[in-house]
Amino acid sequence: MFIKKPSDIKESEITPKETFLNRRLFIRSAALAATTTASVLLYKKFNPLPLPDKAREKITDIAKTSGSLSTDEKPNTLKEITNYNNYYEFSTDKSEVAYAAKDFKTKPWRVSIEGLVQKPKVFDLEDLIKIAPQEERIYRFRCVEAWSMIIPWVGFPLKALLDKVEPLSSAKYVAFETYYDKTQMPDAIYAGIDFPYVEGLRMDEAMHPLTILATGLYGEILPPQNGAPIRLVVPWKYGFKSIKSIVKIKLVEEEPPTTWNIASPREYGFYSNVNPNVSHPRWSQARERRIGEFSMRETLIFNGYADQVAHLYAGLDLRKYF
Ligand SMILES: Nc1nc2c(c(=O)[nH]1)N[C@H]1C(S)=C(S)[C@@H](COP(=O)(O)O)O[C@H]1N2
Ligand SMILES: [Mo]
């Protein structure tokens with residue numbers, strides 16, 4: 001039998017995970033202690049949770065949404081939604097994204113809509129959000145890593161924006177790009193994927209009434225960790241399609257490259273529709289853990305939105321086009 005020498009044993013193997021994580025935090029914080037504002041930073045590092053309460057603005061004039069587009073399941077708490085995040089530009093540790101992104105500068109913000117459109121335009125965010133009434137949409141949200149949440153987004157249909165710039169008939173796909181700035185996102189270089197993060201939808205998916213550009217949650221403007229100031233939400237697809245902090249939207253003729261497909265094509269396809277019958281090579285997609293719950297739930301085809309979206313994929317082999 002092979003016995004590991006002490007030097008072969010990683011710290012993560014001999015300490016319970018919580019202790020390991022806390023120690024790692026402590027070591028990092030100890031390094032911070034060398035700086036002048038150390039005590040303040042240390043305090044914040046160990047107490048990251050109160051962030052969402054202050055600083056955020058209420059969104060006024062939220063329009064009513066037709067009932068069928070929102071789920072009546074109980075939303076996750078603001079604390080859960082804003083402290084368990086995937087945003088690799090800031091951190092690959094879900095519980096650290098909120099802290100790492102807290103100073104992200106989102107004003108001023110511009111989004112360029114370009115490519116195969118009659119009226120390309122660079123919008124200031126303030127003008128962009130006036131294109132359509134802001135609505136609350138309570139959506140199921142399912143990550144490929146088998147966790148899920150119920151999120152009360154505020155946003156408006158992507159279709160409203162696309163209609164405004166008048167797509168040409170040659171436009172078949174929509175390509176999205178996230179803001180990228182190494183100085184604001186210094187840990188991005190450790191993420192192991194290329195930036196800027198890019199995503200894409202087929203034109204009919206982009207025009208679907210469930211597809212929204214979200215600008216807020218729980219009636220307040222989006223916090224940085226959730227993709228401020230504007231991010232995509234496509235509730236019947238795995239979470240990684242919902243690209244954050246968008247600066248460019250380009251209408252194109254060919255299927256655009258997407259970040260996770262580039263990183264690992266065997267694992268992540270272009271479509272990425274939630275499908276309990278098609279396993280990811282590393283995780284079954286049959287079940288999921290709702291954040292805040294102990295037992296697992298069955299995952300629903302198209303994340304429960306089959307009535308609204310299944311027709312988009314009639315005749316498409318969902319095993320091949322995963
Ligand atoms: N730019 C960018 N967008 C991104 C990601 C990312 O790392 N970078 N992560 C994706 C993944 S995998 C998920 S599950 C969701 C998480 O969104 P949330 O933190 O608001 O729950 O954002 C998606 N959008
Ligand atoms: Mo994800």
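Cut-offs applied
- Residues numbered from 1 in each chain as written.
- Chains lettered and ligands numbered in written order.
- Predicted model: local features only at pLDDT ≥ 70, side-chain atom pairs only at ≥ 80, totals over all residues.
- Heavy atoms only, no water.
- Helix = DSSP H or I, 4+ residues; strand = E, 2+ residues; numbered from the N terminus.
- Buried < 20%, exposed > 50% of the residue type's maximum accessible area, 1.4 Å probe, protein only.
- Contact = heavy atoms within 4.5 Å.
- Areas by Shrake-Rupley, 256 points an atom, 1.4 Å probe, with all protein chains shown as cover.
- pLDDT = per-residue confidence, 0-100.
- Phe/Tyr/Trp six-rings, centres within 6.5 Å; stacked < 30°, edge-to-face > 60°.
- Lys NZ or Arg CZ within 6 Å of the ring centre and 35° of its normal.

Colleague: Pulling in residues and values, what's your account of the overall build of the chain?
Modeller: A tally of regular secondary structure across the chain gives 10 helices and 12 strands. Burial status across the chain gives 48% buried among its 322 residues. Excluding contacts between residues fewer than 6 apart, the proportion of contacts in the chain whose partners are at least 24 apart in sequence is 72%. Put simply, the chain shows about 16,500 Å² of open surface, and 56% of that area lies on carbon and sulfur atoms.

Colleague: Would you mind going over the confidence of the model for the chain in detail, with residue names and values included?
Modeller: Confidence in the prediction of the chain, expressed as mean pLDDT, is 88, and 83% of residues score 70 or more. Every residue in residues 1-38 scores below 50 in pLDDT, and together they form 23 contacts with partners more than four places removed in sequence or on other chains. Low pLDDT, under 50, characterises residues 40-44; the stretch is placed with six contacts to residues that sit more than four places away or in other chains.

Colleague: Describe the environment of methionine 203, with residues and values.
Modeller: Inspection of the secondary structure puts methionine 203 in helix α8 (residues 203-206). Between the C-alpha atoms of methionine 203 and leucine 162, which are 41 residues apart in sequence, the distance is 9.8 Å. With residues near it in sequence (within four places) discarded, methionine 203 still touches Pro167, Ala171, Lys172, Tyr173, Val174 and Leu251.

Colleague: Lay out the packing of aromatic side chains with the relevant residues and their values.
Modeller: The full count for this structure, using the stated rule, is 18 aromatic pairs. Consider the rings of phenylalanine 90 and phenylalanine 104, whose centres lie 5.3 Å apart with planes at 70°: the pair is edge-to-face. One end of the pair, phenylalanine 90, is in the loop between α4 (78-81) and α5 (97-100); the other, phenylalanine 104, is in the loop between α5 and β1 (110-115), with 14 residues separating them in the sequence. Centroid distance phenylalanine 302 to tyrosine 313: 5.4 Å. Interplanar angle 15°. Geometry classified as stacked. Residue phenylalanine 302 is located in the loop between β12 (297-298) and α10 (306-309), and its partner tyrosine 313 is located in the segment after α10; the two are separated by 11 residues in the primary sequence. Across this residue pair, the class does not change: phenylalanine 302 and tyrosine 313 are buried. Grouped by ring-pair contacts, the aromatic residues Tyr173, Phe270, Tyr271, Phe302, Tyr313 and Tyr321 constitute a single cluster. The ring centre of tyrosine 99 lies 5.0 Å from the NZ or CZ of lysine 102, which sits over that ring. Stacked on the ring of phenylalanine 270, the Lys or Arg lysine 241 has its end atom at 4.3 Å from the ring centre.

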